[in-house]
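# Architecture at a glance
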Amino acid sequence: MHREGAHPPGAAAAGPGAPAAALTGRASGPRRSVWRVSENETPDPTQNAEKDPETWVTGDEPMTGPQQSYLQTLAREAGRDLPEDLTKAQASELIDELQQQTGRGQ
């Protein structure tokens, strides 16, 4: 039986104005992850490396509308024709190629 003023086993006493988690022993609201990098740490750039389009799970799906639109712009600037039936992976590789050719990838 829980008495007023008594704390459940393992719970610390909470003073006035304490957060609900301190009073009830559980957090309220959505859980949030916080990533901190100390001043002495440098993030490892290989941990966020881009994946090869050939290994994408959805790489064989048709290119997206934004890919097609951007490719049309790049192809026009490069003076090249654009195939219409590219996959997402093929479109990504062609974007990289045309960005280098047009100078937009710098």
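Now for a look at the structure at hand. (Residues numbered from 1 in each chain as written. Predicted model: local features only at pLDDT ≥ 70, side-chain atom pairs only at ≥ 80, totals over all residues. Heavy atoms only, no water.)

## As for the pattern of salt bridges
Note the threshold: Criterion for a salt bridge: a side-chain nitrogen of Lys or Arg within 4 Å of a carboxyl oxygen of Asp or Glu. Under the scheme used here, helices are H or I runs from DSSP no shorter than 4 residues and strands are E runs no shorter than 2 residues, and both carry numbers assigned from the N terminus. Only protein chains enter the accessibility calculation, which uses a 1.4 Å probe; a residue is then buried when its area is under 20% of its type maximum, exposed when over 50%, and partly exposed in between.
Counted by the stated rule, this structure contains 3 salt bridges. With its nearest N and O atoms 3.0 Å apart, the salt bridge here joins Glu61 to Lys88. Placement of Glu61 in the loop between helix 1 (20-24) and helix 2 (65-78) and of Lys88 in helix 3 (residues 88-102) is noted, with a sequence separation of 27 residues between them. Judged by its relative accessible area of 35%, Glu61 is partly exposed. A salt bridge links Arg104 to Glu77; the nearest nitrogen and oxygen atoms lie 2.6 Å apart. Here the residue Arg104 occupies a position in the segment after helix 3, and Glu77 occupies one in helix 2, the gap between them amounting to 27 residues.

## Topic: the environment of Thr87
Put simply, the rule is: Residues are treated as being in contact if the distance between any of their heavy atoms lies within 4.5 Å.
Inspection of the secondary structure puts Thr87 in the loop between helix 2 and helix 3. Separated by 24 residues in sequence, Thr87 and Met63 place their C-alpha atoms 4.8 Å apart. Sequence-distant contacts of Thr87, that is, excluding residues within four places in its chain, are made with Gly59, Asp60, Glu61, Pro62 and Met63.

Note that every value here comes from positions in space, so none of it alone points to a role or purpose.
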